Amino acid sequence: MTMDGGRRSERMRRGCRRAASRAGERTAWLLALAVAVAGAGAPIAAQEWGEEAPCAGALDHPDALPELLAAVPKYGNTYVLVYRDRLRQIFQDLVPAELAELRIAAYDGSPAAAIAEGALFRPVDLLPFDPQQATRLVADVLSGELDAALLWAPLAGLLVQELDFDYQLSLRTVGLPSPPPAALQAAVTAADVPPCADAIRGFLEGYGVLPAEKLVPIDIRDLLHLEAPPRDLEAARAGAALYAQHCARCHGPEAVASTDALAPVDLLVSLPRFSYPGFLYIVLNGRSQNGMPGFRGSLERQQIDAIYQYVRERAHGTLHAGGAGRRP
Ligand code: HEC
């Protein structure tokens, strides 16, 4: 499929989804029709369609913004440029001479200034962040006042979702993984991801925004000091479900090399051979030329640890495939 074809169907898919959620309940045949029209685009989970807007009213409660945005999965260290679609080529190529001509702004008190110097080769205008007027920079981009805004991805996701009804804006990850802006820093308190935070993740994914971690390989030297998690059957059992979800399709349901598994390696043999940092390194970075995807930006350290614990217990013979305990 050409880039344009993919883009067009993605656009239609988003447009359709937005329309469907506006109209509320729609019948199944309409959904099927819309999917058929969207053509070769990624399949749409049925539950995405009938949902009411899960972030409705979020901007009316600026005090709750930090906690909400801290809970957006995967994008906590990511900054994006938000710009009008017609400038897409410039922001893909990032040619310094072209960028120098543009009006770009960011909120003060965030790593955006450093990101702009490092990735855009130029300073940006800095404005104080006023939670009462959080929409300001994106509204300025929409009105043409600005060419682009450099924003923390969870905030950008919320704002673009709320403001850009006609899908005129594009988002693109820039810079190295960086912490949230000072004004929006908060601890994640809820164990479950709130529906709005999850919707923001889905929205950013729909726009093709990559978590910043995906753009930089992890250096093995940053992992060497880490210690393997302790042996713990409960954690290992939790890891069984994560393994099934993220690894089994290639490494097989049993985690051993089998004729119907895609990966030509036996994790029950590999794992005891690798140091823990070595295992982490492979899982985080992948070996893309050999078909092993990198999971940085997709799985949390804690989740990789649980998978490690599961495979380790399987290698020790303490757990059966799927996490069931061994028969006494
Ligand atoms: C899309 C398929 C795919 C998925 C999904 C996948 N792997 Fe792999 N993995 C591979 C392939 C292929 C190799 C062999 C790469 C090579 O030979 O360099 C591999 C190699 C590995 C190795 C190195 C083993 C060795 O002996 O060299 C480890 C460790 C590993 N995978 C762990 C995982 C874990 C943990 C997950 C889930 C979080 C996972 N993989 C998900 C395809 C996959």
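Note that the structure is predicted; figures quoted are calculated from it, not measured.

Considerations on the environment of Ala-71
For step 1, the next point in the chain: With respect to the helices and strands, Ala-71 occurs in the loop between α4 (65-70) and β1 (79-84).
For step 2, the next point in the chain: Its 21 C-beta neighbours within 10 Å are what place Ala-71 among the buried residues.
For step 3, the next point in the chain: Along the sequence, Ala-71 and Thr-189 sit 118 residues apart, while their C-alpha atoms lie 8.3 Å from each other.
For step 4, the next point in the chain: Excluding its chain neighbours within four sequence positions, the residues that come into contact with Ala-71 are Val-188, Ala-190, Val-193, Pro-194 and Ala-197.

Points about the sheet that holds strand β3 (residues 125-127)
For step 1, the next point in the chain: Strand order in the open sheet formed by five strands is β3-β2-β4-β1-β5, with mixed pairing between adjacent strands. Strands with a single pairing partner mark the edges of an open sheet, and in this sheet they are β3 and β5 (169-174). Neighbour-to-neighbour, the strand axes of this sheet turn through a mean angle of 30°, independent of strand direction.
For step 2, the next point in the chain: As paired elements, β1 and β5 share six bridges and run antiparallel to each other. Bridging from a neighbouring strand, Leu-81 pairs with Arg-172 of β5.
For step 3, the next point in the chain: Across the face of the sheet, helix α8 (residues 136-143) comes into contact with β1, β2 (104-107), β4 (148-152) and β5 while running at roughly 155° to β4.

Some remarks on the confidence of the model for the protein chain
For step 1, the next point in the chain: Looking at the protein chain, the pLDDT average stands at 82 and 82% of residues meet or exceed 70.
For step 2, the next point in the chain: Summarising per-element confidence for the protein chain, the mean pLDDT is lowest in helix α2 (residues 28-38) (32) and highest in β4 (97).
For step 3, the next point in the chain: Every residue in residues 1-50 scores below 50 in pLDDT, and together they form 32 contacts with partners more than four places removed in sequence or on other chains.

What about helix α14 (residues 276-285)?
For step 1, the next point in the chain: Those residues of α14 that fall on the buried side of the exposure criterion are Phe-279, Leu-280, Tyr-281, Val-283 and Leu-284.
For step 2, the next point in the chain: Lining the buried residues of α14 we find α13 (267-273) and α15 (301-316).
For step 3, the next point in the chain: Backbone geometry just after α14 places Gly-286 at a positive phi near 70°.

Re the nonpolar core
For step 1, the next point in the chain: Among the nonpolar cores identified, the biggest contains 52 residues, and Val-82, Ala-149, Leu-150 and Leu-151 are the most heavily contacted of them.
For step 2, the next point in the chain: Leu-150 has contacts with Tyr-79, Leu-81, Ile-104, Ala-106, Ala-112, Ile-115, Ala-116, Val-124 and Val-174, leaving out every residue within four places of it along the chain.
For step 3, the next point in the chain: If you look at the next biggest cluster of nonpolar residues, it comprises 21 residues, including Ala-255, Phe-279, Val-283 and Val-311.

A look at unusual backbone geometry
For step 1, the next point in the chain: Here the phi dihedral of Lys-74 falls at roughly 75°; this positive angle occurs in a residue that is not glycine.
For step 2, the next point in the chain: Its location among the elements puts Lys-74 in the loop between α4 and β1.
For step 3, the next point in the chain: Here Lys-74 falls in the buried class, since 21 other C-beta atoms lie within 10 Å of it.
For step 4, the next point in the chain: Look at Leu-94: it is not a glycine, yet its phi comes out positive at around 50°.
For step 5, the next point in the chain: Mapped onto the secondary structure, Leu-94 falls in the loop between α5 (88-93) and α6 (96-100).

A few points about the site of the ligand
For step 1, the next point in the chain: Every one of the 20 residues lining the ligand counts as a neighbour, but Cys-247, Cys-250, Ala-263, Ser-270 and Met-292 are closest to it.
For step 2, the next point in the chain: Of all elements in the fold, only α12 (248-251), α13 and α14 reach the threshold of two or more residues within the shell around the ligand.
For step 3, the next point in the chain: A breakdown of the residues in the shell around the ligand according to their chemical character gives 13 nonpolar, five polar and two charged.

Definitions and limits used
- Residues numbered from 1 in each chain as written.
- Predicted model: local features only at pLDDT ≥ 70, side-chain atom pairs only at ≥ 80, totals over all residues.
- Helix = DSSP H or I, 4+ residues; strand = E, 2+ residues; numbered from the N terminus.
- Buried ≥ 20, exposed ≤ 12 C-beta atoms within 10 Å, placed from the backbone.
- Contact = placed C-beta atoms within 7 Å.
- Pairing = 2+ DSSP bridges.
- Axes fitted to C-alpha atoms, helices over the stretch in contact; angles between N-to-C directions.
- pLDDT = per-residue confidence, 0-100.
- Core = buried A, V, L, I, M, F, W, Y, C linked by C-beta atoms within 7 Å.
- Near = placed C-beta within 6 Å.
- Nonpolar A, V, L, I, M, F, W, Y, C, P; charged D, E, K, R; others polar.

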